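Here is what each chain is made of, one letter per residue.
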Amino acid sequence: MRVKVSRKAHFNAAHRLYRPDWSFEKNQAVFGKCNNPKFHGHNYDLIVSVTGDIDQETGYVMDMKVLKDLIKEHVEEAFDHKNLNLDVPDFKNLNPTAENIAVVIWNKLRPHIQKNKDIEVVLYETPRNFVTYSG
């Protein structure tokens with residue numbers, strides 16, 4: 001029996017969507033208000049799901065305390081109350097769009113979760129705008 005378990009988390013972060021190789025005008029045309037040179041922020045909601053077989057001894061797919069601690073260490077501590085463009089090395093050369101943030105989160109967590117389990121990251125940038133990445 002494969003079952004999906006999920007943990008919800010939250011972080012606040014600022015960012016700016018732009019490409020340094022484009023003119024300000026082109027960045028403005030593509031990214032609009034998100035190209036604000038003084039940055040802007042979001043209250044991100046994150047759902048990390050792990051799918052796998054139920055362990056016959058524990059009854060768990062994954063110990064949720066372990067998942068909680070992994071999210072705290074590798075995501076919340078890295079991103080919360082940070083400027084993604086300036087403070088987070090993962091975005092030094094990567095535009096911090098919701099799509100790219102979700103992929104970075106997945107990549108940060110994947111090495112710490114058993115390979116026979118699938119991972120899904122759902123990142124809400126706003127209550128109505130969200131992305132899903134499953135690797």
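Keep in mind that what you see is a predicted model, and the values were worked out from it rather than measured.

Looking now at the sheet that holds strand 2 (residues 40-53). Sheet strands associate in pairs through backbone hydrogen bonding, adopting either a parallel or an antiparallel arrangement. Pairing in this open sheet of five strands is mixed, and the strands run 3-1-2-4-5 from one edge to the other. The two strands at the open ends of the sheet, each matched to only one other strand, are strand 3 (82-83) and strand 5 (130-133). Examined bridge by bridge, strand 1 (residues 2-15) and strand 2 share 14 bridges and lie antiparallel to one another. Residue Ala9 lies in a different strand from strand 2, and its bridge partner there is Leu46. Helix-sheet contacts for helix 2 (residues 64-79) involve strand 1, strand 2 and strand 3, and the interaxial angle to strand 1 is about 20 degrees.

The subject of this paragraph is the nonpolar core. Core analysis: the biggest nonpolar cluster contains 30 residues, and Phe11, Leu46, Phe79, Ile101, Ile105 and Leu123 have the highest contact counts within it. At seven residues, helix 4 (residues 98-109) tops the list of elements feeding residues into this core. Residues within four places of Ile105 in sequence aside, it is in contact with Phe11, Leu46, Val75, Phe79, Val121 and Leu123.

Glancing now at the environment of Asp69. Note on placement: Asp69 falls in helix 2. Separated by 29 residues in the primary sequence, Asp69 and His40 have C-alpha atoms spaced 28 Å apart.

Relative to the assigned elements, Arg16 resides in the loop between strand 1 and helix 1 (24-31). Although Arg16 is buried, it forms no salt bridge, and the closest oppositely charged side chain is Glu25 at an N-O distance of 9.9 Å. Here Arg16 is in contact with Phe24, Cys34, Asn35, Asn36, Pro37, Phe39, Asn85, Asn95 and Pro96, once residues within four sequence places are set aside.

The next point concerns the side chain of Ser49. Within the secondary structure, Ser49 sits in strand 2. One polar contact links Ser49 to Ser6, side chain to side chain, over a distance of 2.5 Å. When neighbours within four sequence positions are excluded, Ser49 is seen to be in contact with Lys4, Val5, Ser6, Asp118, Ile119 and Glu120.

Time to look at the pattern of salt bridges. Pairing is possible between side chains that carry opposite charge, provided their charged atoms lie close to one another. Going through the model one piece at a time under the given rule, you end up with five salt bridges. Across the salt bridge formed by Asp118 and Arg2, the nearest N and O atoms sit 2.7 Å from each other. One end of the pair, Asp118, is in strand 4 (residues 118-124); the other, Arg2, is in strand 1, with 116 residues separating them in the sequence. Overall, the relative accessible area of 44% leaves Asp118 in the partly exposed class. The exposure class assigned to Arg2 is partly exposed, which follows from its relative accessible area of 44%. For the salt bridge of Asp69 with Lys65, the shortest nitrogen-to-oxygen distance reads 2.7 Å.

Definitions and cut-offs
- Here the residue numbering is sequential within each chain, running from 1 through the sequence in written order.
- Totals for whole chains, interfaces and linings use every residue, but because this is a predicted model, local features are given only for residues with pLDDT of at least 70 and side-chain atom pairs only at 80 or more, for both listing and counting.
- Note: side-chain values were computed over all heavy atoms of the structure, leaving out hydrogens and water.
- Strands were regarded as paired on the criterion that DSSP finds at least two bridges between them.
- Secondary structure elements follow DSSP: runs of H or I of four or more residues count as helices, runs of E of two or more count as strands, with numbering from the N terminus.
- Whether two residues touch is decided by their heavy atoms; if any such pair falls within 4.5 Å, the residues are in contact.
- Note on geometry: axes are C-alpha line fits, over the in-contact stretch for helices, and angles between N-to-C directions span 0 to 180 degrees.
- The criterion is simple. A nonpolar core is a set of buried Ala, Val, Leu, Ile, Met, Phe, Trp, Tyr and Cys residues joined through side-chain atoms within 4.5 Å.
- When a residue's accessible area, from a 1.4 Å probe over protein chains only, is under 20% of the maximum for its type it is buried; when over 50% it is exposed; and in between it is partly exposed.
- Neither His nor the chain ends is counted toward charge; the positive residues are Lys and Arg and the negative residues Asp and Glu.
- Here a salt bridge means any side-chain nitrogen of Lys or Arg lying within 4 Å of a carboxyl oxygen belonging to Asp or Glu.
- In the analysis that follows, any N or O atom pair within 3.5 Å is treated as a polar contact, provided that within protein one partner can donate a hydrogen and the other can accept it, and provided that, for residues neighboring in sequence, both atoms belong to side chains.

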